[in-house]
Amino acid sequence: MNRPGRSALRVRRAVRAWHDDHGSGPTVAVALSGGADSLALLTGALAAGLDTVALVVDHGLQDGSAEVAERAAALARDVGARHAAVLPVTVDGDGGPEGAARTARYAALDAAREGLPVLLGHTLDDQAETVLLGLGRGSGARSLAGMAPWAAPYGRPLLGVRRAETRAACAELGLTPWEDPHNLDPRYTRVRVRTEVLPLLEDVLGGGVAESLARTAASLRADNDALDGLAPAPSGPDLAVKDIAELPAALRFRALRTWLAGRGARALTGAHLAAVDALVTDWHGQGPTAIPGGSAGRRLQVHRTGGILRAW
C-alpha cells in the first residue's frame with residue numbers, strides 16, 4: 001500500500017477513538033464487502049494497531065458474487081488481516097430483498113465472529129440516510145436516533161466520517177474498491193434517498209444537511225438512553241395494565257416494547273406499538289392486536305383479558 005494521506009489518517013483516528021471508547025481487546029472482526037467504506041475501515045483498523053480478521057459475506061444475489069467475495073478476502077490478507085473468511089448465505093424470507101439480505105448477513109456475521117466485536121463500515125452519510133428513512137416512515141424517536149457507535153456485538157467507528165473520505169482513503173493507499181451495482185439501483189429506497197433526496201436537500205438548504213441529520217441522531221440517542229433508563233422493563237409472560245397505564249407515553253411505549261420483545265416480537269414499528277398501547281389506554285373490549293412474531297411469517301396476537309396483557 002501507499003503511504004497514508006489525510007483521509008486515511010482521518011479513518012485511522014476514527015477507528016482508534018472508537019476503540020478507546022468501546023473496545024475491549026486488541027482483536028476485532030471487520031465486515032468486509034470490498035467496497036470503499038469497509039475497505040477503508042479494514043485498513044484503518046490495521047493502521048490503528050488492531051489484530052484484525054475480515055468476514056466477507058457472499059449474498060449470492062449477483063452473477064459472480066463468489067468471485068467478488070474471494071477477491072475481497074484475498075485483498076484483506078494482502079493488506080495485513082490475520083485471517084479472512086468468506087461466508088456464503090441464502091437470502092430469503094420477509095422484509096423484501098434489502099431486509100432479507102440484512103437478516104442473512106447479520107446471522108452469518110454473528111455465527112462466524114467467535115466472540116469478537118464486529119466492526120461495520122457505516123459512515124456519516126449512512127447515518128443521515130437512516131434518519132431520513134425513519135422520518136419518512138414515521139418510526140419515532142428510536143428510529144430517528146439512527147445507528148449507535150456500539151450496540152454489542154457491532155461497532156461503527158466511521159459514523160463521523162463522510163463517504164467521500166473513505167473513497168479518498170482507498171485512493172491514497174492505492175486500493176481499488178469494488179463498486180456494488182446495487183448501490184446505484186433506483187429500485188432500492190435507500191439508493192433513491194442517497195442519490196436524489198439528500199442531494200436535493202443539500203441544494204435547497206445550502207449544504208450541511210447530512211451533518212445536521214447525524215447530529216440529530218446523536219441528540220435523540222442520548223434522549224432515548226435517558227428515557228430507557230427510566231422506563232420499567234417487564235419481563236414476565238403477563239403484563240398488568242395497571243402497572244403501566246399511568247406512565248407518560250414515552251415510558252409506556254418503552255415498557256411495551258421491552259415486554260413484547262421478550263415475548264418474541266420483532267421488527268416493531270410505531271404503528272404496532274400504538275395498536276398495542278390502545279389495549280392499555282383506549283380499552284373498549286376490542287379484540288386482539290396482531291404484531292410480527294419471532295420467525296418469518298409468524299404473527300403474535302396480543303390480548304387483554306381481565307386487566308392483563310398476554311401475547312401468543
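Residue positions are given per chain, counting from 1 as you read along its sequence in written order. Where local features are concerned, this predicted model is filtered to residues with pLDDT of at least 70; where side-chain atom pairs are given and counted, the filter is 80 or more; whole-chain, interface and lining totals use all residues. Excluded from the side-chain calculations are hydrogens and water; all other atoms, namely the structure's heavy atoms, are used.

**Considering the UniProt feature "binding site: ATP" (unreviewed entry) in the protein chain**
At step 1: UniProt positions are given in the numbering used here, feature names are shortened, and annotations may be inferred rather than shown by experiment. UniProt's entry tags S33, G34, G35, A36, D37 and S38 with the feature "binding site: ATP" (unreviewed entry), counted in the numbering of this structure.
At step 2: Every helix listed is a DSSP run of H or I at least four residues long, and every strand listed is a run of E at least two residues long, numbered separately from the N terminus. By the secondary structure assignment, S33 is in the loop between strand 1 (27-31) and helix 2 (36-47).
At step 3: Accessible area is worked out with a 1.4 Å probe on protein chains only. A residue is then buried under 20% of its type maximum, exposed over 50%, and partly exposed in between. Take S33: its relative accessible area is 38%, and that puts it in the partly exposed class.
At step 4: Setting aside residues no more than four positions away along its own chain, S33 makes contact with S38, A72 and W178.
At step 5: In protein, a polar contact requires one atom able to donate a hydrogen and another able to accept it; more generally it is a pair of N or O atoms within 3.5 Å, and residues adjacent in sequence count only if both atoms are side-chain atoms. Looking at S33, its side chain comes within polar contact range of the main-chain nitrogen of G35, at 3.0 Å.
At step 6: For A36, the location among the structural elements is in helix 2.
At step 7: If near-sequence neighbours (up to four positions away) are discounted, A36 is found in contact with T166, R167, C170 and P177. Contacts are assigned to residue pairs that have any heavy atoms within 4.5 Å of one another.

**Points about unusual backbone geometry**
At step 1: Look at the link from A152 to P153: it is a cis peptide, with omega at 5 degrees.
At step 2: The residue P153 is located in the loop between strand 5 (150-151) and strand 6 (154-155) in this model.
At step 3: Phi is positive for E114, close to 55 degrees, though the residue is something other than glycine.
At step 4: Note on placement: E114 falls in the loop between helix 4 (96-112) and strand 4 (118-119).

**Description of helix 10 (residues 249-262)**
At step 1: With 14 residues, helix 10 should reach 20 Å at 1.5 Å per residue; the first-to-last C-alpha distance of 20 Å fits that figure.
At step 2: Here helix 10 has its buried residues at L251, R252, R254, A255, L256, W259 and L260.
At step 3: At the C-terminal side of helix 10, G264 shows a positive phi close to 105 degrees. Given the number of residues in a helix, its expected span is that number minus one, multiplied by 1.5 Å.

**A short note on the pattern of salt bridges**
At step 1: Between Lys or Arg on one side and Asp or Glu on the other, a salt bridge is scored when a side-chain nitrogen of the former is within 4 Å of a carboxyl oxygen of the latter. Across all of its chains, the model carries 20 salt bridges by this definition.
At step 2: Among the salt bridges present, the one from E165 reaches R6, with a minimum N-O distance of 3.1 Å. Placement of the pair is E165 in helix 7 (residues 163-172) and R6 in helix 1 (residues 6-22), with a sequence separation of 159 residues.
At step 3: In this structure E165 comes out as buried when scored by relative accessible area, which is 12%.

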